[in-house]
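Spelled out, the chains give:
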Amino acid sequence: SACATTFCQNPECISWQFRRDVGCLQGKDIRLGQEKDGPAAWCSDHPPNRWVGQYLKFHKTFHGDELGMTQEDEGEIRRRACDDETWNPKEQIGQCFGLGDVKAGEPSRSAEACRKACCKDEKCGAWQWTEALGCFYSKGMHGCQGDDGNEVKFEPFEGRRKIVEGRKYTDK
């Protein structure tokens, strides 16, 4: 692709990625996946997945703008999200950030197990699960991808990065 060609010709450029909705992105060094050394900039090392997940606390955009609820409805939001009959695992299908590390063991076995683990934790405000990666939950989530109905956001990026001398590329 033209993106890769111009990347290879520019010594300042360390990484590139391309997807038809955002075009060609070129830049400095990045960390991939669980790498802990290197710059603050980070990219996921797996293609976008469809997730299942739900808010347990009031979220202005979802509950306020879309459902007409208010902060006073937070108890009802949590009750419905934690109820076996009324939970909605398709509330948040795009990957979100801010949920911390994977919750290993029982919570990662299924979406239902992830939801139940989150519901047992009174500080938990949101959860997400995908079969490929497991269960994630925390007090909230942000930066959700693909929640606007744009199917392109679930397509993988094409990209590469150059090896930077002196970097160890150490995983977690």
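What counts and what doesn't
- Residues numbered from 1 in each chain as written.
- Predicted model: local features only at pLDDT ≥ 70, side-chain atom pairs only at ≥ 80, totals over all residues.
- Heavy atoms only, no water.
- Patch = residues over 30% accessible without salt bridge, like charges linked within 9 Å, V, L, I, M, F, W, Y side chains within 5 Å.
- Areas by Shrake-Rupley, 256 points an atom, 1.4 Å probe, with all protein chains shown as cover.
- Salt bridge = Lys/Arg side-chain N within 4 Å of Asp/Glu carboxyl O.
- Helix = DSSP H or I, 4+ residues; strand = E, 2+ residues; numbered from the N terminus.
- Core = buried A, V, L, I, M, F, W, Y, C linked by side-chain atoms within 4.5 Å.
- Buried < 20%, exposed > 50% of the residue type's maximum accessible area, 1.4 Å probe, protein only.
- Disulfide = S-S within 2.5 Å.
- Lys, Arg positive; Asp, Glu negative; His and termini not counted.
- Polar contact = N/O pair within 3.5 Å; in protein donor to acceptor, adjacent residues only side chain to side chain.
- Contact = heavy atoms within 4.5 Å.
- Pairing = 2+ DSSP bridges.
- Axes fitted to C-alpha atoms, helices over the stretch in contact; angles between N-to-C directions.

*Asks:* Looking at this model, I keep getting lost on a nonpolar patch on the surface. Mind explaining?
*Replies:* Taken together, Val22, Leu25 and Phe157 make up a surface patch of nonpolar side chains, about 220 Å² in accessible area. Here leucine 25 lies in strand E2 (residues 23–27).

*Asks:* Sorry if this is basic, but what is going on with the nonpolar core here?
*Replies:* Nonpolar side chains in soluble globular proteins tend to be buried together. Ranked by size, the top nonpolar core spans 14 residues in total, and within it Leu56, Ala111, Cys114, Cys118, Trp127, Trp129 and Tyr137 carry the most contacts. Among the secondary structure elements, those contributing two or more residues to this core are helix H4 (111–120), strand E6 (126–130) and strand E7 (134–138). For this core, the leading source of residues is H4, giving five residues. Core analysis: the next-biggest nonpolar cluster, separate from the first, contains nine residues, Phe62, Cys96, Ala126 and Phe136 among them.

*Asks:* Can you help me understand the state of the cysteines in this one?
*Replies:* For the structure on display, the rule yields five disulfides. One disulfide in the model links cysteine 3 with cysteine 24; its S-S distance is 2.0 Å. Because the sign of the S-S torsion sets the handedness, a value of about 75° for the bond joining cysteine 3 and cysteine 24 places this disulfide among the right-handed ones. You can see cysteine 3 sitting in helix H1 (residues 2–9) and its partner cysteine 24 sitting in strand E2, a full 21 residues away along the chain. For cysteine 3, a relative accessible area of 5% gives the class buried. What links to what in the protein: the bonded cysteines, counted in sequence order, pair as 1-2, 3-7, 4-10, 5-9, 6-8. Looking at cysteine 13, it has no disulfide partner, and the nearest cysteine sulfur is the one in cysteine 24, 7.6 Å off. Residue classification places cysteine 13 among the buried positions, given a relative accessible area of 3%.

*Asks:* Would you explain the side chain of arginine 31 in this entry?
*Replies:* Here arginine 31 lies in strand E3 (residues 31–32). Of the side chains bearing the opposite charge, glutamate 35 lies closest to the buried arginine 31, which forms no salt bridge; the N-O distance is 6.6 Å. Here the side chain of arginine 31 touches proline 39 through a polar contact of 2.7 Å, landing on its backbone oxygen. Looking at arginine 31, its side chain comes within polar contact range of the main-chain oxygen of alanine 40, at 3.1 Å. Apart from the residues lying within four places of it in its own chain, the contact partners of arginine 31 are Lys36, Asp37, Gly38, Pro39, Ala40, Ala41, Trp42, Cys43, Arg161 and Arg167.

*Asks:* Help me out: how do you make sense of the sheet that holds E7 in this one?
*Replies:* Strand pairing in a sheet relies on backbone hydrogen bonds. The paired strands run either parallel or antiparallel. Taking strand neighbours across the sheet as the criterion, the three strands line up as E5-E6-E7 in an open arrangement whose pairing is antiparallel. The open sheet has two edge strands, strand E5 (52–55) and E7, and neither has a second partner. With direction set aside, neighbouring strand axes in the sheet form an average angle of 5°. H4 contacts E5, E6 and E7 of the sheet and is inclined by roughly 160° relative to E6.

Coordinates in, geometry out; function isn't part of it.
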